[in-house]
Amino acid sequence: MRFRWLKSGLCLAMLALQTIPTHAEVSGNDLPDFGDSSGALVSPAQEKEFGEEFMRSVRAQATLVSDADVVDYVQQLGARLAASSDAPGHAFTFFVVDNPAVNAFAGPGGYIGIHTGLILAAENESELAGVMAHEIAHVTQRHLLRAYESANQMSLPTAAGMLAAILLGVAGSNPEAGIAAMSAVQGASIQHQLNFTRANEREADRIGIQTLAHAGIDPYGMPGFFERLQQTTRLYGNNFPEFLLTHPVTTDRIAESMTRAESYGHRKEVDTLDFRLIRARLRVLNAETPAEAIKYFQPLAAKADAGPAVDYGLALALWRNSDYPAAKKRLQALLDKDPDRKIYRTGMARLEMDSGQAGNALKIYQDTLRLYPGDVTVGRYYTSALIQAGKAEQARQQALKMLRDKRARSPEIYELWAKAASVAGPAWETHVASAEAYYLYGNLRYAIDQLNKALAYKELSDYDRARIEARLKEFQAALKKREQS
Ligand SMILES: [Zn+2]
């Protein structure tokens, strides 16, 4: 499928934006229908398809953080901001890219990526939330339509692959990802289209600050962070934050958003313990060696004013160093003061697991799931622990139960299902689960191969066979589209 619908849809879409304020006075015939099935417009279904293809390209081209606590934190903060945005019904997916560059970006379909480098560069939660609220505003204000327009001469998979490469900052270094097909001229043109206009930036600042205030978060976080990034750039010229490439920051803009923040006032939440815990966690995960992490946290923990985030960081560092008794002691002290905190509970359960106390670990997970019913993060750790403890059938049931919830359909859960099914399920089920994981990772050939393997089993029921065949057709159609690009 060529991207013609984007071009023809674009002008109408722009027109629609201009006519929205007078919507009530205009007769229905004058307004384009975004849900039109004629294929001539950017329908929500088409944007969704573009977004899903974009996300598969991101997974194929970058390493995403799979640590469930980190992902959970960013998704919770994102959901809170989205609910306070000017389009609370819009669907968003937040994910974390394992990359030290200070970067964040919004793709089609509401997919918003945050680099670990940006989380570590933010000094408090309001700064991180400021960037996320700004990205959310680019999506709700449809600023991405310019990027879609520049993609209108390409097939959907090529456009999605290119967008992902440029936004991740890996364009030119990844010839495998469909980027080879992009001429230098096309690349430069798309890069140019991705640099939001000054008007876009101002609007994203304005709406983003409003979102922060509605969410009860300090609105100064956004201009404050942008200002610091700009200053860093002046000091370390060659260490230019990627973020400023697609979101040019000017002194004027910072001054304007400072004034805007002023109108809401400071009186909001600047920071949360969860933010500081996640930063400590990332610091330990990113350290080259456990010793390096211990060296960082030990002197901080010795200080009289050391807070729980420092203790948590040191507990994780000790754990990474396989010093389980010391790690447990420190984490238990935190749990005694704050027994319901999820990240402490999952931390303790994993420590029990790693120190050979599977029974204790499973009990903590079960208790925590009673406290947080249906929680995807706890469910994922629990499933993994059940597999490790040799309870494959229970793990399989847990994975299947979770997969009924759309939010749980991540490659990680499909992988856990595949693992559990390989021991406890019918033989074909592992292939079906693996196929879904490969599909989400953007590897269609492997996904198709797995479904064909599943179909080779004679004991399949008619119902299961029909379902797998239908899925196979969808994957084959997606592959065909990609190959035509
Ligand atoms: Zn921006």
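The shown structure was predicted, so the numbers you read here are calculated from the model rather than taken from an experiment.

Colleague: Describe the pairing of strand 3 (residues 111-115), and please don't skip the residues or the numbers.
Modeller: Counting buried residues in strand 3 gives five out of five residues, a clear majority hidden from the surface. The alternating pattern of strand 3 places Tyr-111, Gly-113 and His-115 on one face and Ile-112 and Ile-114 on the opposite face, and all of these are buried. Bridge count for strand 2 (residues 104-106) against strand 3 is three bridges, and the pairing is antiparallel. By the bridge assignment for strand 3, Ala-106 is matched with Ile-112.

Colleague: Summarise unusual backbone geometry; cite the residues concerned and give the values.
Modeller: Look at Arg-142: it is not a glycine, yet its phi comes out positive at around 55°. As for its placement among the helices and strands, Arg-142 is situated in the loop between helix 5 (125-140) and helix 6 (145-150). For Arg-142, a relative accessible area of 24% corresponds to the partly exposed category. Unlike most non-glycine residues, Ser-322 shows phi in positive territory, near 65°. Along the polypeptide, Ser-322 turns up in the loop between helix 15 (308-320) and helix 16 (324-337). By relative accessible area, Ser-322 is classed as partly exposed at 47%.

Colleague: Help me get a handle on the packing of aromatic side chains, residues and values and all.
Modeller: Counted under the stated rule, the structure contains twelve aromatic pairs. Considering the side-chain rings of Phe-54 and Phe-105, the 6.5 Å spacing of their centres and the 80° angle between planes classify their relative orientation as edge-to-face. Of this pair, Phe-54 sits in helix 2 (residues 44-61) while Phe-105 sits in strand 2, and the two are 51 residues apart along the sequence. Using a relative accessible area of 0% as the deciding quantity, one classes Phe-54 as buried. Centre to centre, the rings of Tyr-365 and Tyr-381 are 6.4 Å apart; their planes meet at 20°, and the pair counts as stacked. Separated by 16 residues along the polypeptide, Tyr-365 in helix 18 (residues 358-371) and Tyr-381 in helix 19 (residues 376-388) bring together distant segments of the chain. The residues Tyr-365 and Tyr-381 share a single accessibility class, namely buried.

Reading guide: rules and limits
- Residues numbered from 1 in each chain as written.
- Predicted model: local features only at pLDDT ≥ 70, side-chain atom pairs only at ≥ 80, totals over all residues.
- Heavy atoms only, no water.
- Buried < 20%, exposed > 50% of the residue type's maximum accessible area, 1.4 Å probe, protein only.
- Helix = DSSP H or I, 4+ residues; strand = E, 2+ residues; numbered from the N terminus.
- Pairing = 2+ DSSP bridges.
- Phe/Tyr/Trp six-rings, centres within 6.5 Å; stacked < 30°, edge-to-face > 60°.

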